[in-house]
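Survey of secondary and tertiary structure
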Amino acid sequence: MAAIIETSGLTRSYGDICALKPLDLCVPEGEWLTVMGHSGSGKSTLLNLLGGLDRPSGGSIHVRGTDLATLSEDGLARFRRDCVGIIFQQHHLIPYLTALENVMMSQYFHSVPDEAEARHALERVGLGHRLKNRPGELSGGEQQRVCIARAIINSPRLLLGDEPTGNLDHKSTTMVMELLRELRDEERFSIVMVTHNQEVAAWGDRTIHMDDGCLVREERTKSC
Amino acid sequence: MTKRRWLAHIVFRALVHRRGRTLLLLAVLTLASSLATALGLVSVSMRARVAEETKRYGANLVIMPESARVEVGSGGLRFGAIGEPAYLAQDQVLAALARSGVKGDYSFHLKGVLTLKGVEIPCEGVDFAQVRRLSPWWQVDGDWPRPGEVLGGSDLTQRYHVHSGDLFDFTFGKETVRARVSGVVTSGGDEDDSLFVNLPELQQQMGRPGQVSEVRLLADPGNGPLKEQAACLQRFLPGASVKELRQVGRTSEELLGKVQLLMLLVTAVVLVCAGSSVAGTMSTTVLERSKEIGLMKAMGGSRWDLLKIFSAEALLLGVGAGVGGFLLGGLIAKFVARSVFAADAALRPEFLSVAVGVSLLLALAGSVGPLLSVFRLDPVQSLRGE
Ligand SMILES: Nc1ncnc2c1ncn2[C@@H]1O[C@H](COP(=O)(O)OP(=O)(O)O)[C@@H](O)[C@H]1O
Ligand SMILES: [Mg+2]
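Keep in mind it's a predicted model, so treat the numbers as computed, not measured.

Attention now moves to the domain arrangement of chain B. On domain assignment, one finds that chain B holds domain 1 (3–52 + 253–384) and domain 2 (58–245). Relative to domain 2 of chain B, the C-alpha centre of domain 1 of chain B lies at a distance of 56 Å.

This part is about the sheet that holds strand S5 (residues 66–67) of chain A. Residue and element names in this part refer to chain A. Strand order across the open sheet formed by four strands is S2-S1-S4-S5, with antiparallel pairing between neighbours. At either margin of the open sheet sits one strand with a lone partner, and together these are strand S2 (17–28) and S5. This element, helix H1 (residues 43–50), spans strand S1 (3–14), S2 and strand S4 (58–63) of the sheet and lies at about 125 degrees to S1.

Moving on to the site of ligand 1. Residues in contact with ligand 1 amount to 13 residues; listed here are only the nearest, Gly 40, Lys 43, Ser 44 and Thr 45 of chain A together with Gln 381 of chain B. In this structure, ligand 1 is bordered by residues of chains A and B. Note that an oxygen atom of ligand 1 is positioned 2.5 Å from one of the side-chain N or O atoms of Thr 45 of chain A. The side chain of Arg 384 of chain B places a nitrogen or oxygen atom 3.2 Å from a nitrogen atom of ligand 1. For ligand 1, whose unbound accessible area comes to 560 Å², protein coverage reaches 74%. Of all the secondary structure elements, the ones that give two or more residues to the shell around ligand 1 are S2 and H1 of chain A. Sort the elements by how many residues they give to the shell around ligand 1 and H1 of chain A lands first, with three residues. Class assignment for the residues of the shell around ligand 1 results in three nonpolar, eight polar and two charged.

It is worth spelling out the pairing of strand S9 (residues 195–198) of chain B at this point. Residue and element names in this part refer to chain B. Pairing between strand S4 (residues 119–126) and S9: four bridges, direction parallel. Residue pairing for S9: Cys 123 is matched across the bridge by Leu 195. Across three bridges, the pairing between strand S6 (residues 149–153) and S9 is antiparallel. Looking at the pairing, Leu 151 lines up with Phe 196 of S9.

With that out of the way, let us pick up empty space enclosed by the protein. For the coordinates displayed, the defined rule picks out three cavities of 30 Å³ or more. Empty space within the largest cavity amounts to approximately 130 Å³. Of all the elements in the fold, those that place two or more residues in the lining of the largest cavity are helix H2 (73–83), strand S6 (84–87) and helix H5 (140–152) of chain A together with helix H9 (290–298) of chain B. Of all the elements, S6 of chain A adds the most residues to the lining of the largest cavity, at three residues. Of the residues that constitute the lining of the largest cavity, the class distribution is eight nonpolar, three polar and three charged. One number sums up the size of the second largest cavity: a volume of about 90 Å³.

Looking now at the packing of aromatic side chains. The geometry of an aromatic ring pair is captured by two quantities: the separation of the ring centres and the angle between the planes. One pass over the full model with this rule turns up seven aromatic pairs over all chains. Aromatic side chains Trp 138 of chain B and Trp 144 of chain B sit 6.3 Å apart centroid to centroid with 5 degrees between the ring planes, which places their arrangement in the stacked category. Pair check on accessibility: Trp 138 of chain B and Trp 144 of chain B agree, each one buried. Between Trp 138 of chain B and Phe 196 of chain B, the aromatic rings sit 5.0 Å apart at their centres with planes inclined by 55 degrees, giving tilted as the arrangement. Of this pair, Trp 138 of chain B sits in the loop between helix H4 (128–134) and strand S5 (139–142) while Phe 196 of chain B sits in strand S9; the two residues are 58 residues apart in sequence, bridging distant segments of the chain. Taken individually, Trp 138 of chain B and Phe 196 of chain B each receive the classification buried, so the pair is uniform in this respect. Here the aromatic cluster, defined as three or more aromatic residues joined through ring pairs, consists of Phe 128, Trp 138, Trp 144 and Phe 196 of chain B. Over the ring of Tyr 108 of chain A we find Lys 3 of chain B; its NZ or CZ atom is 5.0 Å from the centre of that ring.

With that out of the way, let us pick up the environment of Ser 111 of chain A. All names here are of chain A. Summarising the element assignment, Ser 111 is placed in the loop between helix H3 (99–110) and helix H4 (115–124). A residue is classified by how much of its surface remains accessible, and Ser 111, at 34% relative accessible area, is partly exposed. Distance from Ser 111 to Ile 86, taken between C-alpha atoms, is 17 Å for residues 25 residues apart in sequence. Side chain to side chain, Ser 111 and His 110 meet in a polar contact 3.3 Å long.

Put simply, an interface is often sized by how much accessible area is lost when its parts join up. Between chain B and chain A, the residue contacts involve 32 residues of the former and 30 residues of the latter. Between chain B and chain A lies a buried interface of about 2,900 Å² when both sides are counted; carbon and sulfur atoms form 64% of it. Broken down residue by residue, the surface that chain B buries against chain A is led by Lys 3, Trp 6 and Met 299 of chain B, which jointly contribute 24%. Counting every contact that joins chain B to chain A gives two salt bridges. Between Arg 303 of chain B and Asp 74 of chain A there is a salt bridge; the shortest N-O distance is 3.6 Å. One can count nine residue pairs in polar contact (both at pLDDT 80 or more) joining chain B with chain A.

Moving on, we get to unusual backbone geometry. All names here are of chain A. Here the phi dihedral of Arg 64 falls at roughly 50 degrees; this positive angle occurs in a residue that is not glycine. The backbone of Glu 163 sits at a positive phi, close to 50 degrees, despite the residue not being glycine. Inspection of the secondary structure assignment puts Glu 163 in the loop between strand S7 (158–162) and helix H6 (170–187).

As a further point, take the side chain of Ser 359 of chain B. Along the chain, Ser 359 of chain B falls in helix H11 (residues 350–376). Apart from the residues within four sequence positions on either side, Ser 359 of chain B is in contact with Leu 29, Ser 33, Leu 317, Gly 318, Val 319, Ala 321 and Gly 322 of chain B.

Let us now look at the sheet that holds strand S9 (residues 206–211) of chain A. Residue and element names in this part refer to chain A. Spatially, the six strands line up as an open sheet ordered S6-S7-S8-S3-S9-S10, and their pairing is mixed. Each having just a single partner strand, S6 and strand S10 (214–220) make up the two edges of the open sheet. When the angles between neighbouring strand axes are averaged without regard to direction, this sheet yields 20 degrees. Against the sheet, H5 contacts S6 and S7, and its axis sits at roughly 170 degrees relative to S6. Most of the contacts of H6 go to strand S3 (residues 32–37), to which it runs at about 145 degrees, and overall it touches S3, S6, S7 and strand S8 (190–194).

On to the packing of H3 of chain A against H4 of chain A. Residues and elements named next belong to chain A. It is at 9 Å that the axes of H3 and H4 come closest, and there the two elements cross at 120 degrees. With respect to H4, the axis of H3 lies oblique. The chirality of how H3 crosses H4 is right-handed. Contacts between H3 and H4 pair Ala 99, Leu 100, Val 103, Met 104 and Gln 107 from the former with Glu 115, Glu 117, Ala 118, Arg 119 and Leu 122 from the latter.

Reading guide: rules and limits
Residues numbered from 1 in each chain as written. Chains lettered and ligands numbered in written order. Predicted model: local features only at pLDDT ≥ 70, side-chain atom pairs only at ≥ 80, totals over all residues. Heavy atoms only, no water. Domains from an automatic or database assignment. Pairing = 2+ DSSP bridges. Helix = DSSP H or I, 4+ residues; strand = E, 2+ residues; numbered from the N terminus. Contact = heavy atoms within 4.5 Å. Axes fitted to C-alpha atoms, helices over the stretch in contact; angles between N-to-C directions. Near = heavy atom within 4 Å. Polar contact = N/O pair within 3.5 Å; in protein donor to acceptor, adjacent residues only side chain to side chain. Areas by Shrake-Rupley, 256 points an atom, 1.4 Å probe, with all protein chains shown as cover. Nonpolar A, V, L, I, M, F, W, Y, C, P; charged D, E, K, R; others polar. 1 Å grid on protein atoms, 1.4 Å probe; cavity = no way out; pocket = protein on both sides within 12 Å on 5 of 7 lines; lining within 4 Å. Points joined across faces, edges and corners; volume = space filled by probe spheres on them. Phe/Tyr/Trp six-rings, centres within 6.5 Å; stacked < 30°, edge-to-face > 60°. Buried < 20%, exposed > 50% of the residue type's maximum accessible area, 1.4 Å probe, protein only. Lys NZ or Arg CZ within 6 Å of the ring centre and 35° of its normal. Buried area = accessible area lost by both parts, 1.4 Å probe. Salt bridge = Lys/Arg side-chain N within 4 Å of Asp/Glu carboxyl O. Parallel < 35°, antiparallel > 145°, perpendicular 65-115°, else oblique. Left-handed = near helix turned anticlockwise from the far one by under 90°.

Written out as structure tokens, the structure reads:
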């Protein structure tokens, strides 16, 4: 199977701090990869590099065959809106827009806002009845589902999650994970998800463990 | 939904979300642009007022042929001009007026001499309609002359026992003409010593058709400083000399210039203050919204997309405040004009562009710094933990 992500010798350092030591990683198309590790081990750094939010200090990073290092600032923005959907731990929804409008914002950057399509995306994540609510009026789990709807609205090939269930209780976490699996089965996108939660990791196909910027361990999840 | 409508929609939402700050910005911009509008309107109405007053003092420029000005004498004493009297062609003056763009009422004068009762007396050929317009203070006892009639200065008529309605024989050179004196004019100036004849008639008698010895001109003071207008006219009249006439109106014109300068300075200071206040408020807003900006970038918004959103906000504020400033400025101008110099300052539609321009310029100038930081903002940094 073709690789959606291929890195070789990928590093990122902040001055003297080496947040990511040379990393060779290959993620096949359609895989659900979980990244685990202590706080400060470089997980977010890796995810930001994969999402084209940050630039590597060294090494190369190819996503769907594109060398991210060669892209300009605007090229990276284009890459983000065409290929990537991102879900954060803090939901980062725009507070003055409704759930529907938050999803449409993503369409605006990608192409044109399409209300029917955005509504359909929210219905898929089970929020058909909360379209007109602002983020402040939604529960944590609901907000995260709005973020998922927003992340998948432009049919990305790669979904990145930086501890997306970190702020959720057990029930909401299960709901979000079920939703993600369902969507992935339909849309066949790849997922790279950072988590501390062993249970969440169990939803993925493969887990890599990081420590101090290094990949230290790798394991296949039994269910696959 | 089109992209443009969506942009307007979210910009509007963002402005309403921060309504306190939006109102503050609107207030600052409205006040600044209303001040600029009000001072502009007051200045225009003052200018019109001064122009109107200047008119009451008659001509402010005089055009004479070059050699006619070589006068003998000093101080107030004049012993007459040396050499032949010189003349100007009416056509040439009219053409110069048209080409220089100097506008205003004018009157042609041809100075001559005629003999009355065996005595030489000064006479002047004029177009009476022009004179009446340019010298509204002339008081005529009797009637203004019709063709074939003359007007006598009050001193002259008294000296020679001439009354309105009398018929006299006037001699120009060899020819004698019988004419009726239609009235007596009192102007309080040199004119009271002269006899006024229809210009074409005197030109014919003197054998100088289409020629005059002096042109008086009331250049519109609203068209710029008198000195400049005189210089401009002079360029088109090489054979003549254009001189300013000292008049009371000059003082008010100079005063007006100073007042305008003062108003301009006040406006400049206010605009600078308003601009920095806009810049401060905008910076705070951008700082507060850095997470939102980072998020938009993470979602795939390019730097230009973000710039567009934020400058659209500034644009909307600028235009809104500009319209408000125009209306408020009109009210202020009306109040100032009425209470300070009892005139009316009408709201001129062309000032709408001034008001909107000022407020737009302030909004955009105040946003340059904040917009730059929006442009540069790193999404990873701004989205990092709470
Ligand atoms: N902008 C930055 N400047 C300096 N150090 C940074 C910066 N961002 C991250 N780091 C450091 O890089 C290391 C990895 O951070 P991160 O990838 O956020 O860890 P985590 O695994 O908790 O997500 C940490 O030691 C962190 O202090
Ligand atoms: Mg992290």
